[in-house]
Amino acid sequence: MSRPEDESRTELAWREIVENYGERAVLDDPTAPSDEATAAPEGPSPAAPASPASPPAADLPEHLRDDDEVELREQAIAKSERFRPPPAPPFPVPRTWQRGLAWAGVFVAPLIALVIGLLSIYVHPLVGWVLVGWFVGGFAYLVLEMPKSPRDPWDDGSRI
């Protein structure tokens, strides 16, 4: 425990903070307006620039300005609802019927097997093996048809 006669600078700084807690610091502002400037008539002058937070209708007379927050929010919502995204690109079509059949085997065969399993539908075991063969055959076809371009040993596979 420290004694009051050997307090360090840090302890003195903390003590000063605690003693002045809640008080506002009074600073001299060299750019403060003079008393004559504060005695100017209230209200916007005709040559006063519009504030940046004002709506675009800031050049209107005071009695025509709309400062209703609800109205401004409704206008913003209406403006955002006018946005229409561009149409989606067309769904890609496989180049050949073989590729289409292979992609269907990769996606449709497991989906059919899942539906059969979830609904407990009895099918001949040959149908299950056909679905498995369709999936494996489609996957193998797509892998074998991948481009076989030679890669540089330093190439990490990314292309621009």
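Source: prediction; values computed, not measured. (Residues numbered from 1 in each chain as written. Predicted model: local features only at pLDDT ≥ 70, side-chain atom pairs only at ≥ 80, totals over all residues. Heavy atoms only, no water.)

Enquirer: Would you mind going over the overall build of the protein chain with me for this structure?
Expert: Secondary structure assignment for the protein chain yields five helices and zero strands. N-terminal to C-terminal, the α/β element order of the protein chain is α-α-α-α-α. For the protein chain, the proportion of its 160 residues judged to be buried stands at 7%. In the protein chain, once contacts between residues fewer than 6 apart in sequence are set aside, the share between residues at least 24 apart is 53%. Carbon and sulfur atoms make up 64% of the accessible area of the protein chain, which totals about 15,200 Å². (Helix = DSSP H or I, 4+ residues; strand = E, 2+ residues; numbered from the N terminus. Buried < 20%, exposed > 50% of the residue type's maximum accessible area, 1.4 Å probe, protein only. Contact = heavy atoms within 4.5 Å. Areas by Shrake-Rupley, 256 points an atom, 1.4 Å probe, with all protein chains shown as cover.)

Enquirer: Just checking my understanding: could you explain the packing of helix H4 (residues 97–118) against helix H5 (residues 125–144) for this structure?
Expert: Geometry of a packed helix pair, given as the angle between the helix axes and the separation of the axes. For the pair H4 and H5, interaxial distance at closest approach is 8 Å and the crossing angle is 145°. Two packed elements cross with a definite hand, and for H4 against H5 that hand is left-handed. A breakdown of the residues in the contact of H4 with H5 according to their chemical character gives 17 nonpolar, three polar and one charged. (Axes fitted to C-alpha atoms, helices over the stretch in contact; angles between N-to-C directions. Left-handed = near helix turned anticlockwise from the far one by under 90°. Nonpolar A, V, L, I, M, F, W, Y, C, P; charged D, E, K, R; others polar.)

Enquirer: Hey, could you run me through a negative patch on the surface in this one?
Expert: Taken together, Asp67, Asp68, Glu69 and Glu74 make up a surface patch of like negative charges. Along the chain, Glu69 turns up in helix H3 (residues 69–81). (Patch = residues over 30% accessible without salt bridge, like charges linked within 9 Å, V, L, I, M, F, W, Y side chains within 5 Å. Salt bridge = Lys/Arg side-chain N within 4 Å of Asp/Glu carboxyl O. Lys, Arg positive; Asp, Glu negative; His and termini not counted. Charge placed at Lys NZ, Arg CZ, Asp CG, Glu CD.)

Enquirer: What exactly am I supposed to notice about a nonpolar patch on the surface here?
Expert: A cluster of nonpolar residues, Leu111, Leu114, Val115, Leu118, Leu119 and Ile121, forms a patch on the protein surface that exposes about 600 Å² of accessible area. Checked against the element boundaries, Leu114 lands in helix H4.

Enquirer: Explanation requested: unusual backbone geometry in the structure shown.
Expert: Most peptide bonds take the trans configuration, and most residues that are not glycine carry a negative phi. Backbone geometry at Ser120 places phi at a positive 55°, although glycine is not the residue there. Inspection of the secondary structure puts Ser120 in the loop between H4 and H5.

Enquirer: I tried to follow H4 on my own but got confused; where do I start?
Expert: Between the first and last C-alpha of H4 there are 30 Å, a value that for 22 residues agrees with the 32 Å anticipated at 1.5 Å per step. When we look at burial in H4, the residues that qualify are Arg99, Ala102, Gly105, Val106, Ala109 and Ile116. Where H4 is buried, its residues contact H5. (Expected span 1.5 Å × (residues − 1).)

Enquirer: Looking at this structure, I do not really get the packing of aromatic side chains. What am I missing?
Expert: Centre distance and the angle of the planes are the two values used to describe a pair of aromatic rings. Counted by the stated rule, this structure contains one aromatic pair. For the ring pair Trp103 and Phe107, a centre distance of 5.8 Å and an interplane angle of 10° mean the geometry is stacked. Linking Trp103 with Phe107, this pair stays in helix H4, spanning four residues, or about one helical turn. (Phe/Tyr/Trp six-rings, centres within 6.5 Å; stacked < 30°, edge-to-face > 60°.)

Enquirer: When you look at H5 in this model, what are you seeing that I'm missing?
Expert: What sets the pattern is the α-helix's 3.6 residues per turn: residues three or four places apart point alike. The terminal C-alpha atoms of H5 lie 28 Å apart, and with 20 residues this matches the ideal 28 Å at 1.5 Å per residue to within 8%. Every buried residue belonging to H5 is among Leu131, Gly138 and Leu142, and all of these are buried. Down the axis of H5, the sector holding all buried residues measures 35°, keeping them to one side. Away from its buried face by more than 90 degrees, H5 exposes Leu126, Trp129 and Leu144. (Arc of directions from axis to C-beta.)

Enquirer: Help me out: how do you make sense of the confidence of the model for the protein chain in this one?
Expert: Note that predicted coordinates carrying low pLDDT should not be read in detail. On average, residues of the protein chain carry a pLDDT of 77, and 69% of them reach 70 or more. Here helix H2 (residues 35–38) stands out as the element of the protein chain with the lowest mean pLDDT, 50, in contrast to H5, whose mean of 96 is the highest. The low-confidence segment residues 43–55 (pLDDT under 50) makes three contacts with residues lying over four places distant or belonging to another chain. (pLDDT = per-residue confidence, 0-100.)

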